[in-house]
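What follows is the residue order along each chain.
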Amino acid sequence: MVSWRDIDNPTGTGVQAAREAAILAARREDDIIFHGLPDQGIDGILTAPGTTKMDISDWSTDENPVTDLAKGLETLIDNGASGSRALVVSTDLYAKLHRIQPGTGIMEVDRVRSLVGKLFRSSRLKKNSAILLYTEPQYIDLVIGQDMITAYMGNEKLDHVFRVMETLVPRIKRPEAIVIYG
């Protein structure tokens, strides 16, 4: 809702309300991608049966991130996966990757990127968890029925009501192309 007062003052709370609505929509989108829609029988990356689960070591010491990811990558290749891949990490793991690897002068995050390809962080993953997956459409994709839009719903008294909406569903076609750490 945008107050009629904010129409004349674009730096007011109406802008903040729009920003917060966009953040909530993006978080919900991530939740659907990672956890699916269980009440509708739709799996997400973390809930799809057939994914590989691996323990995770302490990523703040030694070469543990690269070692863990190399094991996962080996498993994915053994499962027949190939192509582009990505790593999604929790925010705490992302922070742990930003250290100089002792004896190399190279940041751990650079070593990880060279091994896995794309690197993303998400606050929607629980602490100390990560997902390594092949991103080619034969393994996983995202079906978007309606991309995110804002619709004007009308006014209530002098205030303006908007709705942010999107329809999407993740499709996990080959769960054996996903490794979940943590």
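Look up: the structure comes first, before these words.
Residues numbered from 1 in each chain as written. Predicted model: local features only at pLDDT ≥ 70, side-chain atom pairs only at ≥ 80, totals over all residues. Heavy atoms only, no water.

Asks: Can you lay out the overall build of the protein chain for me, pointing to particular residues and giving the numbers?
Replies: Looking only at helices and strands, the protein chain features five helices and nine strands. Reading the secondary structure of the protein chain in the N-to-C direction produces α-α-β-α-β-α-β-β-α-β-β-β-β-β. Relative to the compact-globule value of 16 Å for 182 residues, the protein chain shows a C-alpha radius of gyration of 20 Å, a clear excess of over 25%. Dimensions of the protein chain, computed from the C-alpha atoms along their principal axes, are close to 65 × 40 × 25 Å. In the protein chain, which comprises 182 residues, the share counted as buried stands at 38%. Counted over contacts in the protein chain with a minimum sequence separation of 6, partners at least 24 positions apart contribute 72%. For the protein chain, the exposed surface amounts to about 10,300 Å²; the carbon and sulfur share of it is 54%. Side-chain charges of the protein chain comprise 21 positive and 25 negative groups, with the mean position of each set lying 1 Å from the other. (Helix = DSSP H or I, 4+ residues; strand = E, 2+ residues; numbered from the N terminus. Rg over C-alpha atoms; globule rule 2.2 N^0.38 Å. Buried < 20%, exposed > 50% of the residue type's maximum accessible area, 1.4 Å probe, protein only. Contact = heavy atoms within 4.5 Å. Areas by Shrake-Rupley, 256 points an atom, 1.4 Å probe, with all protein chains shown as cover. Lys, Arg positive; Asp, Glu negative; His and termini not counted. Charge placed at Lys NZ, Arg CZ, Asp CG, Glu CD.)

Asks: An account of the sheet that holds strand 9 (residues 178–181) is requested, with residue identities and associated values reported.
Replies: In spatial order, the strands read 1-9-6-2-5; together these five strands make up an open sheet with mixed pairing. What marks the edges here is a single partner per strand, and that holds for strand 1 (52–54) and strand 5 (118–122). For this sheet the average axis-to-axis angle between neighbouring strands, irrespective of direction, equals 20°. Relative to strand 6 (residues 130–134), strand 2 (residues 85–90) runs antiparallel, the two being bridged by five bridges. By the bridge assignment, Leu-87 is partnered in strand 6 with Leu-132. The strands touched by helix 3 (residues 64–78) within the sheet are strand 1, strand 2, strand 6 and strand 9, with strand 6 carrying the most contacts at an inclination of about 35°. Strand contacts of helix 5 (residues 108–116): strand 2, strand 5 and strand 6, with the helix running at about 140° to strand 2, the strand carrying the most contacts. (Pairing = 2+ DSSP bridges. Axes fitted to C-alpha atoms, helices over the stretch in contact; angles between N-to-C directions.)

Asks: Residue-level account of the layout of surface pockets, with values.
Replies: By volume, the largest pocket amounts to about 320 Å³. Taken together, 15 residues form the lining of the largest pocket, with Ile-33, Ile-45, Leu-133, Thr-135 and Ile-140 sitting closest to its centre. Here the residues of the lining of the largest pocket sort into ten nonpolar, two polar and three charged. Lining the second largest pocket are Met-1, Val-2, Ala-17, Ala-18, Ala-21, Ala-22, Thr-150, Phe-162, Arg-163 and Val-164. Listed by contribution, the elements that provide at least two residues to the lining of the second largest pocket are helix 2 (13–35) and strand 8 (159–172). Top contributing element to the lining of the second largest pocket by residue count: helix 2, with four residues. A breakdown of the residues in the lining of the second largest pocket according to their chemical character gives eight nonpolar, one polar and one charged. (1 Å grid on protein atoms, 1.4 Å probe; cavity = no way out; pocket = protein on both sides within 12 Å on 5 of 7 lines; lining within 4 Å. Points joined across faces, edges and corners; volume = space filled by probe spheres on them. Nonpolar A, V, L, I, M, F, W, Y, C, P; charged D, E, K, R; others polar.)

Asks: Tell me what's going on with the environment of Asp-159, and back it up with residues and numbers.
Replies: Along the chain, the position of Asp-159 falls in strand 8. A sequence separation of 155 residues divides Asp-159 from Trp-4, and the C-alpha atoms of the two residues are 4.9 Å apart. Leaving out residues up to four positions away in the same chain, Asp-159 has contacts with Met-1, Val-2, Ser-3, Trp-4 and Gly-154.

Asks: Break down the pattern of salt bridges for me, with residues and values.
Replies: The full count for this structure, using the stated rule, is seven salt bridges. With a shortest N-O distance of 3.8 Å, Arg-111 and Glu-63 are connected by a salt bridge. One end of the pair, Arg-111, is in helix 5; the other, Glu-63, is in the loop between strand 1 and helix 3, and 48 residues separate them in sequence. For Glu-63, a relative accessible area of 37% puts it in the partly exposed group. With its nearest N and O atoms 3.7 Å apart, the salt bridge here joins Glu-108 to Arg-111. Pair noted here: Glu-108 and Arg-111 are both in helix 5, with a separation of three residues, about one helical turn. (Salt bridge = Lys/Arg side-chain N within 4 Å of Asp/Glu carboxyl O.)

Asks: Can you explain the packing of aromatic side chains? Please cite residues and give values.
Replies: Applying the stated criterion across every chain yields a total of two aromatic pairs. When the ring centre of Tyr-94 is taken as origin, the NZ or CZ atom of Arg-121, which lies over that ring, is 4.6 Å away. (Phe/Tyr/Trp six-rings, centres within 6.5 Å; stacked < 30°, edge-to-face > 60°. Lys NZ or Arg CZ within 6 Å of the ring centre and 35° of its normal.)

Note that every value here comes from positions in space, so none of it alone points to a role or purpose.
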